[in-house]
Amino acid sequence: MRTDLKDPDLKDPDPKDTEQPSPILPAYAAPSPVTPAYGTPPPVQRFFSPALKRQINIKARFDTKTGVYVILWMDVQRFFQNISIVRAGDVAVGFMTDDNLNVLEPPRIEYHQGSDLIVVLENVVVWCPSVCV
């Protein structure tokens with residue numbers, strides 16, 4: 001860039017004097033340090049049912065109410081109709097609750113980064129050939 005064509009009376013603006021535009025967020029997303037960056041793909045939670053020998057990946061959703069990624073219980077029920085509970089290792093994963101310990105609506109569980117959640121089913125009949133008897 002040629003500097004000899006610059007008007008000597010004009011100065012470069014001081015960066016402190018220029019107002020920076022704020023990022024535009026959707027109306028439903030409150031600015032938060034944990035809000036995911038726009039366009040970032042949501043994490044995926046892996047669920048495994050030992051009884052069915054079935055593994056499913058479900059995309060987590062960012063819950064603007066709580067500020068964390070969650071899995072809606074109805075999303076899990078779509079794949080495992082007889083679901084009773086979900087475990088992370090030997091610990092049962094409970095539904096998320098409000099300050100009064102009431103289950104949030106719709107029911108949801110918190111996303112567990114890097115963990116496979118084990119699906120425990122109720123009233124499961126597992127076929128076993130006569131050799132198992």
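The structure contained in this document is the topic of the report that follows. Remember, predicted model here, so these are calculated numbers, not experimental data. (Residues numbered from 1 in each chain as written. Predicted model: local features only at pLDDT ≥ 70, side-chain atom pairs only at ≥ 80, totals over all residues. Heavy atoms only, no water.)

1. Here we look at the side chain of D63
Among the structural elements, D63 can be located in strand 3 (residues 61-63). Taking the relative accessible area as the measure of exposure, D63 reaches 9% and is therefore buried. In this structure the side chain of D63 is engaged in a polar contact, spanning 3.0 Å, whose partner is the backbone nitrogen of K65. Apart from residues no more than four positions distant in its own chain, D63 is found in contact with V68, V70 and R108. (Helix = DSSP H or I, 4+ residues; strand = E, 2+ residues; numbered from the N terminus. Buried < 20%, exposed > 50% of the residue type's maximum accessible area, 1.4 Å probe, protein only. Polar contact = N/O pair within 3.5 Å; in protein donor to acceptor, adjacent residues only side chain to side chain. Contact = heavy atoms within 4.5 Å.)

2. Quick look at the environment of F47
Here F47 is to be found in strand 1 (residues 44-49). Look at F47 and you get buried, because its relative accessible area is 0%. When sequence neighbours within four positions are dropped, the list of residues in contact with F47 reads R54, Q55, I56, I58, I71, V76, F80, V86, I109, L117 and V119.

3. Section: the packing of aromatic side chains
Scanning the model with the defined rule gives three aromatic pairs in all. Centroid distance W73 to F95: 4.9 Å. Interplanar angle 90 degrees. Geometry classified as edge-to-face. Placement of W73 in helix 1 (residues 73-79) and of F95 in the loop between strand 6 (91-93) and strand 7 (108-110) is noted, with a sequence separation of 22 residues between them. Accessibility expressed as a relative area gives 35% for F95, which makes it partly exposed. Each member of the aromatic cluster is reached from another via a ring pair, and the members are F62, Y69 and Y111. The cationic tip of R54 hangs over the ring face of F80; the distance from NZ or CZ to the ring centre is 5.6 Å. (Phe/Tyr/Trp six-rings, centres within 6.5 Å; stacked < 30°, edge-to-face > 60°. Lys NZ or Arg CZ within 6 Å of the ring centre and 35° of its normal.)

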